[in-house]
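# Structural overview
Residues per chain, in single letters:
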Amino acid sequence: MRNGNGTAAHRPDFAAIAGWIRLQSSVLDLGCGDGSLLKYLTETRRITGYGVEIDDASVLACVKNGVRVVQSDLERGLSGFEDGSFDYVVLSQTLQAMKNSEIIIREMLRVGREGIVTFPNFGYWKNRLEVLRGRMPVSENLPFEWFNTPNVRLCTVADFERFCAERGIRIVERKVLTRGQPVTVMPNLLGALAVYHFGNGVKRS
Amino acid sequence: MNKAPANDSVGIVTPQRARFTEPLGFKCGAVIDEYELAYETYGTLNADRSNAVLVCHALNASHHVAGWYAEDPRNVGWWDNMIGPGKPVDTNRFYVIGVNNIGGCHGSTGPCSVNPKTGKPWGGSFPVVTVEDWVAAQARLAERLGIERFAAVMGGSLGAMQALQWTISYPEKLRHSIVIACAPNLSAQNIAFNEVARQAILTDPDFHGGDYYDHGVKPHRGLRVARMVGHITYLSDDEMAVKFGRQLKNGKLSYSFETEFQIESYLRYQADKFAEYFDANTYLRITKALDYFDPAFEHGGSLTRALAGVRSAFLVVSFTTDWRFSPERSREIVKALLDNRARVSYAEIDAPHGHDAFLLDDERYHRLIAAYFDRIAAEAVR
């Protein structure tokens, strides 16, 4: 279910995510594709990880890659996982393809102590330009045409931050990337890919 | 069972027997002093004895898992599409063992065997067996064959329950458990179907309290009905609709109790075939073993606690149209394993064939098992 170049061994958001993951922690990767991220985190952070995937070919790829995977539909929530049973729950480039976006974010914070989400920033200037030109954007981070895209919930950096603020979700850290490079100035305009580390409100971890 | 032998099969196989004279205690409290287990092996045990795979059978199957018999080439092993050279469980790499469970009727000591103390068949006096008892007997066979640790123990349905029980009874003696179309225990509905099957046998006038061998008869009628009930639960409603629908055997209704619909004809045929080769006492005991299986029972109903001591890795597989042991039941097992941070992967195969899917050719299913066994083969063994 993961979009874009989900089968690439290293995607730009992988290093950003790995930077936030404590050594030897436990990670649940939602929409894990072929298990590349978990494999990467196992090698770099020595994590104990599991992936969740709905797609048969991806489940098979995980098994081939020696990545533990549970075949399940994320739209049905994470009922197979106990409260607080993972240090991190990751949703990498999958949020925009889910119908129940709000439910999955809540589920991430029920099952995990912290959540990490990455998504293409629809506010990126190239996307805005395409829309101004009267076309739906097609780019490296949004590689689909309007008629075949799995993306049904596109949002911007500003949208996601408001979403979190309204729900008492505490943003621990944010990284916005363009072609793998960090963007610090006007991220909602200049950033192509957003990577957020968040937790439940009030107490700091 | 009537498929033509394929050339990628293990080919001609010969069943073997192992005799044990160390008493075996059953969970019900009974003890038998000596017994035999019928088994078959395929492939070659490697030098460090790390490539052994135990295949556990389900309700009506046996140790004849793959290949065929020289004197009966049509008698092809029940999982021949899974096990053989170049198959998902590749006998060029793995040493595969099939064993007929104790209490069975295919060569291992069971109700139709002679009790050496009386000189007569055990019949109704043969102990009521459990999955734990079977696994204990299998462990003795493993010891006899010089296998300290299996690369994998695998099975479907009731066979999967044994693969799961292995991880509880002997956590150090297997590296992987392949649990296919399983449930952590039977639902009330499952037990109800089993009870109908048992009542059919127990109330057959030819049953004679299980000692029908002495009377020169068999409770055929009861066993036939039992098989019919069981068979219905192995298929999905859709599969039956596609295969039979409301087709008539003779093209028109006869307003009688003869076989009119194709499904009736099919069930009667399956029932007749089964009653010929299967033993009613064994059938009774196997359905009880299914009913009793419940690892969580001794842990206050917590499957998580029941599986706290597992050491092996797991592959759990279910089939979407299996209503006998539905995917939800497999997910209970997966959740309990996840709660224990066990190494588990779970796949839900979208197949139309109901519970029987685990026995059938399905590309996605077989590719998955093949990929998993590739990983097992590639593992460095301590």
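Keep in mind that this is a model prediction, so the values were computed, not measured.

We now examine the overall build of chain B. Helix and strand content of chain B: 10 helices and 14 strands. Overall size of chain B, expressed as C-alpha extent along the three principal axes, is 70 × 50 × 50 Å. Here chain B holds 382 residues, and 56% of them are scored as buried. Within chain B, contacts between residues separated by at least 24 positions form 71% of all contacts whose residues are at least 6 apart in sequence. Taken as a whole, chain B presents about 15,800 Å² of accessible surface, with 52% of it coming from carbon and sulfur. When the 40 positive and 45 negative side-chain charges of chain B are each reduced to one mean point, those points stand 2 Å apart.

With that settled, consider unusual backbone geometry. All names here are of chain B. In this structure, arginine 49 is a non-glycine residue whose phi angle is positive, near 55°. With relative accessibility at 44%, the residue arginine 49 sits in the partly exposed group. Despite not being glycine, arginine 341 shows a phi value in the positive range, around 55°. Positionally, arginine 341 belongs in the loop between helix H9 (327-339) and strand S14 (344-349).

Right, let's get into the layout of surface pockets. Looking at the second largest pocket, its volume works out to about 490 Å³. Residue lining of the second largest pocket: 23 residues in total, with Gly66(A), Val67(A), Arg68(A), Arg343(B) and Arg375(B) positioned closest to the centre. When residues of the lining of the second largest pocket are assigned to their parent elements, the largest contribution, four residues, is made by helix H2 (residues 36-45) of chain A. Along the lines of polarity and charge, the residues of the lining of the second largest pocket split into 10 nonpolar, seven polar and six charged.

Taken as a whole and judged by the stated rule, the model has 34 salt bridges over all chains. Residue Arg17(B) pairs with Glu36(B) through a salt bridge whose shortest N-O separation is 2.3 Å. Separated by 19 residues along the polypeptide, Arg17(B) in strand S1 (residues 16-20) and Glu36(B) in strand S4 (residues 35-42) bring together distant segments of the chain. Look at the salt bridges and you will find they share partners, linking Glu102(A), Arg106(A), Arg162(A), Glu166(A) and Arg167(A) into a network.

Counting residues at the interface gives 22 residues for chain A and 19 residues for chain B. Interface of chain A and chain B: buried area, both sides summed, is about 1,800 Å²; carbon and sulfur atoms make up 55% of it. Taken as a group, Tyr50(A), Val63(A) and Gln71(A) account for 30% of the area that chain A buries against chain B, more than any other trio of residues on that side. The tally of links from chain A across to chain B stands at two salt bridges. For Lys335(B), the salt bridge identified is with Glu82(A), shortest N-O distance 2.5 Å. Put simply, chain A and chain B have 11 residue pairs in polar contact (both at pLDDT 80 or more) between them. The set of elements that each furnish at least two residues to the side of chain A that touches chain B consists of strand S2 (48-53), helix H3 (56-65) and strand S3 (69-71) of chain A. Ranked by residues supplied to the side of chain A that touches chain B, first place goes to H3(A) with six residues.

Criteria and thresholds
- Residues numbered from 1 in each chain as written.
- Chains lettered and ligands numbered in written order.
- Predicted model: local features only at pLDDT ≥ 70, side-chain atom pairs only at ≥ 80, totals over all residues.
- Heavy atoms only, no water.
- Helix = DSSP H or I, 4+ residues; strand = E, 2+ residues; numbered from the N terminus.
- Buried < 20%, exposed > 50% of the residue type's maximum accessible area, 1.4 Å probe, protein only.
- Contact = heavy atoms within 4.5 Å.
- Areas by Shrake-Rupley, 256 points an atom, 1.4 Å probe, with all protein chains shown as cover.
- Lys, Arg positive; Asp, Glu negative; His and termini not counted.
- Charge placed at Lys NZ, Arg CZ, Asp CG, Glu CD.
- 1 Å grid on protein atoms, 1.4 Å probe; cavity = no way out; pocket = protein on both sides within 12 Å on 5 of 7 lines; lining within 4 Å.
- Points joined across faces, edges and corners; volume = space filled by probe spheres on them.
- Nonpolar A, V, L, I, M, F, W, Y, C, P; charged D, E, K, R; others polar.
- Salt bridge = Lys/Arg side-chain N within 4 Å of Asp/Glu carboxyl O.
- Buried area = accessible area lost by both parts, 1.4 Å probe.
- Polar contact = N/O pair within 3.5 Å; in protein donor to acceptor, adjacent residues only side chain to side chain.

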